[in-house]
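Below, each chain spelled out in residue letters.
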Amino acid sequence: MFKAIGIIFALFVVCFIAIVIEEVFLGGRRRRQAEKSFKEKCHESNPGN
């Protein structure tokens, strides 16, 4: 019983760490660059806003 709970908890921790690493180092950087370029394009087309 406790062994199964420990395995599930360990898998949860591993998945959480993998998500944090992906967000910080890989996908997060690409998404922030895409949002920045999108905002710059919107500002160029609508300079009054």
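See above for the structure.
In this text, all values refer to a predicted model and were calculated from it rather than measured experimentally. Within each chain, residues carry numbers counting from 1 in the order of the written sequence. Residues qualify for local features only when their pLDDT is at least 70, as the model is predicted, and side-chain atom pairs are given and counted only at 80 or more; totals for whole chains, interfaces and linings, by contrast, use all residues. Side-chain figures throughout are based on the complete set of non-hydrogen atoms in the structure, without hydrogens or water.

### Observations concerning the overall build of the protein
Part 1: By the criteria applied, helices consist of DSSP H or I runs no shorter than four residues and strands consist of E runs no shorter than two, each listed in order from the N terminus. The number of helices and strands found in the protein is 1 helix and 0 strands.
Part 2: In terms of overall dimensions, the protein has a C-alpha envelope of 65 × 20 × 10 Å along the principal axes.
Part 3: Accessible area is worked out with a 1.4 Å probe on protein chains only. A residue is then buried under 20% of its type maximum, exposed over 50%, and partly exposed in between. The buried share of the protein, taken over its 49 residues, is 4%.
Part 4: In this count, Lys and Arg are taken as positive residues and Asp and Glu as negative ones, while His and the chain termini are left out. In plain terms, the charge of a residue is placed at NZ if it is Lys, CZ if Arg, CG if Asp and CD if Glu. Each charge class in the protein was averaged separately, 8 positive and 5 negative side chains, and the resulting centres sit 7 Å apart.

### A short note on helix α1 (residues 2-45)
Part 1: Spanning 44 residues, α1 covers 60 Å between terminal C-alpha atoms, matching the ideal 64 Å at 1.5 Å per step.
Part 2: The sharpest bend along α1 reaches about 55 degrees and sits at Gly 27. Each helix should span, by expectation, one fewer than its residue count multiplied by 1.5 Å. Note that bend, as reported per residue, equals the angle between axes fitted to the 7 residues terminating at that residue and the 7 residues originating from it.

### Some remarks on a nonpolar patch on the surface
Part 1: A surface patch of nonpolar side chains, amounting to about 970 Å² of accessible area, comprises Phe 9, Phe 12, Val 13, Phe 16, Ile 17, Val 20, Ile 21, Val 24, Phe 25 and Leu 26.
Part 2: Following the sequence through the fold, Val 24 ends up in helix α1.
Part 3: By relative accessible area, which is 44% here, Val 24 ends up partly exposed. Put simply, a patch holds well-exposed residues, over 30% relative accessible area, that have no salt bridge, with like charges counted together within 9 Å and Val, Leu, Ile, Met, Phe, Trp or Tyr side chains within 5 Å. In this description, accessible areas are obtained by the Shrake-Rupley approach with a 1.4 Å probe, and a residue is regarded as covered only by the protein chains that are shown. What counts as a salt bridge is simple: a side-chain nitrogen of Lys or Arg found within 4 Å of a carboxyl oxygen of Asp or Glu.

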